[in-house]
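Below are the chains, spelled out letter by letter.
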Amino acid sequence: YGRNFFSRYDYEGCESDPCNKMVESLREKASKAKKGDKYGAYELDYADDFEYTDPIDGSVASKQGVRFVFTDGSRFIFRLSGTGSSGATVRMYIEQYEADEAKQGIDAQVALKPLIDIALEVSELKKFTGRNRRPSSRKFFDLIDERIKKRDRYVRGGGAYNSLRTHTYTQKNMKKKEGRGCFE
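A quick note: this is a predicted structure, and the numbers were derived from the prediction, not measured.

Student: So, the overall build of the protein: which residues are in play, and what are the values?
Tutor: Within the protein one finds four helices and eight strands. Each helix and strand of the protein, ordered N terminal to C terminal, gives the series β-α-β-β-β-β-β-β-β-α-α-α. Residue burial in the protein is summarised as follows: out of 184 residues, 30% are buried. Sequence-distant contacts, at least 24 apart, represent 56% of the contacts inside the protein between residues at least 6 apart. Total accessible area on the protein stands at roughly 12700 Å², and carbon and sulfur atoms take up 48% of it.

Student: So, helix H1 (residues 16–32): which residues are in play, and what are the values?
Tutor: The end-to-end C-alpha distance of H1, which contains 17 residues, comes to 25 Å, matching closely the 24 Å that a straight helix rising 1.5 Å per residue would cover. Residues of H1 that are buried: Ser16, Cys19, Met22, Val23, Ser25, Leu26, Arg27 and Ala30.

Student: Give me the lowdown on helix H2 (residues 108–123), citing residues and values where you can.
Tutor: Counted at 1.5 Å a residue, the expected span for H2 with its 16 residues is 22 Å, and the 21 Å between its end C-alpha atoms agrees. Pro114 marks where H2 bends most, by close to 45°. Along H2, the residues that are buried comprise Ala108, Ala111, Leu112, Leu115, Ile116, Ile118, Ala119, Val122 and Ser123. Between the side-chain oxygen at the start of H2 and the backbone nitrogen of Gln109 there is a gap of 2.9 Å, and the oxygen is on Asp107. Where H2 terminates, the next one or two residues include Glu124, which has phi positive at roughly 55°.

Student: Would you mind going over the side chain of Ser7 in detail, with residue names and values included?
Tutor: Among the secondary structure elements, Ser7 is positioned in strand S1 (residues 3–14). In this structure Ser7 touches Met92, Tyr93, Ile94, Gln109 and Leu112, once residues within four positions along its chain are discounted.

Student: Can you break down the environment of Tyr42 residue by residue, with the values?
Tutor: Its place among the elements puts Tyr42 in strand S3 (residues 42–49). Take Tyr42: its relative accessible area is 9%, and that puts it in the buried class. In this structure, the C-alpha to C-alpha distance between Tyr42 and Arg75, residues 33 residues apart in sequence, is 9.6 Å. Those residues within four positions of Tyr42 in sequence are excluded, and the remaining contacts are Asp37, Phe70, Asp72, Ser74, Gln96, Pro114, Leu115 and Ile118.

Student: Which residues make up the nonpolar core, and what values go with them?
Tutor: In terms of nonpolar packing, the biggest core is built from 33 residues, with Tyr39, Phe68, Phe70, Phe76, Phe78, Met92 and Ile94 touching the most fellow members. Secondary-structure elements contributing two or more residues to this core are S1, H1, S3, strand S6 (66–70), strand S7 (75–84), strand S8 (87–98), H2 and helix H3 (125–129). Take this core: its biggest share by element is eight residues, from H2. Not counting residues up to four positions away in its chain, the partners in contact with Phe70 are Tyr39, Tyr42, Glu43, Leu44, Asp45, Arg75, Phe76 and Leu115.

Student: Mind laying out the pairing of S3, listing which residues take part and the relevant values?
Tutor: Regular strands show a simple pattern: their side chains alternate between the two faces of the sheet. By the bridge criterion, two bridges tie strand S2 (residues 38–39) to S3 in an arrangement that is antiparallel. The residue bridging Lys38 from the neighbouring strand is Glu43, located in S3. In this structure, the hairpin formed by S2 and S3 is closed by a connection of two residues, where Gly40 is found at a positive phi of approximately 60°. Inspection of the sheet shows S3 paired to S6 by five bridges, in the antiparallel sense. Bridged to Leu44 within S6 is Phe70.

Analysis parameters
- Residues numbered from 1 in each chain as written.
- Predicted model: local features only at pLDDT ≥ 70, side-chain atom pairs only at ≥ 80, totals over all residues.
- Heavy atoms only, no water.
- Helix = DSSP H or I, 4+ residues; strand = E, 2+ residues; numbered from the N terminus.
- Buried < 20%, exposed > 50% of the residue type's maximum accessible area, 1.4 Å probe, protein only.
- Contact = heavy atoms within 4.5 Å.
- Areas by Shrake-Rupley, 256 points an atom, 1.4 Å probe, with all protein chains shown as cover.
- Expected span 1.5 Å × (residues − 1).
- Bend = angle between axes of the 7 residues up to and from the residue.
- Polar contact = N/O pair within 3.5 Å; in protein donor to acceptor, adjacent residues only side chain to side chain.
- Core = buried A, V, L, I, M, F, W, Y, C linked by side-chain atoms within 4.5 Å.
- Pairing = 2+ DSSP bridges.

This is the structure we're talking about:
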């Protein structure tokens, strides 16, 4: 079977004009790209500006995202949204299939790193937006690291995981609440 690794990054609050220029640059690169072009270890199958045709009414929504799809099925897509006066959001989607069972258990960000690096290079995201790292993930992972450190200090101090609101129930302390069908 295998595993599909997927990740999405939202670069929010970017200036609209540079983002529009970045997407136009990607469209130009996609239009000039040829099957067989090499991007690091990846070989291009096709690149296009995705459009969606509604199967019910036949209406076509064009310019839905610039995508680069590789012969192994891996792909990256850039999509722009919210290009009003308050800024734009650049969305970057990364996907890669892994058939090797030995590699299926690794962290998605580790597995996708080579493709993410290629996507950032091709898009020139830093040049256009001034962003030099993945969005908001740093704050999230700092928060998780801090919670893990607090938990570890608490556990080492003789406590339990109650600070994370996890509880272990035994038959002895499980009492059915009258008329509610739940446990206290």
